[in-house]
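# Fold and geometry: a report
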Amino acid sequence: MLNNEPLLFVQGPPVYIKVVKRQEESTSVFSLSGEEPEMVSSEVEIEIEQEQPTAVKVAEPSLVKKIMYLGSPFSRQVYRPLQFVLDDETLTGSIEKIEGETVLIGIGEDASELVSVEMAKIEEILWRGDPFVED
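Computed from a prediction, not measured in an experiment: that's the story for all the values here.

## Points about the pairing of strand β5 (residues 102–107)
- With five of six residues buried, β5 is to be regarded as a mostly interior element.
- Sheet analysis places strand β4 (residues 90–99) next to β5, joined by six bridges and oriented antiparallel. When the sheet's bridge partners are listed, isoleucine 95 is paired in β5 with isoleucine 105.
- A loop of two residues connects β4 with β5, the two strands running antiparallel in sequence, and glycine 100 in this loop sits at a positive phi of about 65°.
- The pairing of β5 with strand β6 (residues 113–118) spans six bridges and is antiparallel. Counted as the bridge partner of leucine 104 is serine 116 from β6.
- Where β5 hands over to β6, the hairpin turn is made up of five residues, of which glycine 108 adopts a positive phi near 100°.

Following this line, the structure appears as structure tokens:
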């Protein structure tokens, strides 16, 4: 085996690298009076800053899988009521709708009140007091 050959080929999405560019602009201004033309020059430096990634909490894949399973019409009827453990509180209800990264939870017996919760804020889903385990 040669040392320069890769040991493993991994297919993945393309990688993009952000490059900081500096643009310099020079302008000249002349006076139109009868006196000697006076040349004024100024340099403007524009710097494009690289965006700093911000820490964003992402929902765990296992939790997203549970939410998708519990969001199906059959599971909504069978697994009722659910308890959603958040950072500071626990909501009791059922999943009414899933919109991207947001879950609409129906609160109450008839799910008359809807509460919008981000998937990343849900720490655990309980059914009958125990953590929900998908079979």
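## Here we look at the pattern of salt bridges
- In this structure the tally under the stated criterion is two salt bridges.
- Lysine 97 is the partner of glutamate 99 in a salt bridge, and the nearest nitrogen-oxygen pair spans 3.3 Å.
- You can call glutamate 99 partly exposed: its relative accessible area is 42%.

## Details of the nonpolar core
- Grouped together as the largest cluster of nonpolar side chains are 19 residues, with contacts concentrated most on Ile67, Leu70, Phe84, Leu91, Ile105, Ile122 and Ile125.
- Mapped by element, the contributors of at least two residues to this core are α1 (61–70), β3 (82–85), β4 and β5.
- Residue contacts for leucine 70: discarding those within four places in its chain leaves Ser75, Arg76, Tyr79, Leu82, Ile95, Ile125 and Phe132.

Reading the values: rules and limits
Residues numbered from 1 in each chain as written. Predicted model: local features only at pLDDT ≥ 70, side-chain atom pairs only at ≥ 80, totals over all residues. Heavy atoms only, no water. Buried < 20%, exposed > 50% of the residue type's maximum accessible area, 1.4 Å probe, protein only. Helix = DSSP H or I, 4+ residues; strand = E, 2+ residues; numbered from the N terminus. Pairing = 2+ DSSP bridges. Salt bridge = Lys/Arg side-chain N within 4 Å of Asp/Glu carboxyl O. Core = buried A, V, L, I, M, F, W, Y, C linked by side-chain atoms within 4.5 Å. Contact = heavy atoms within 4.5 Å.

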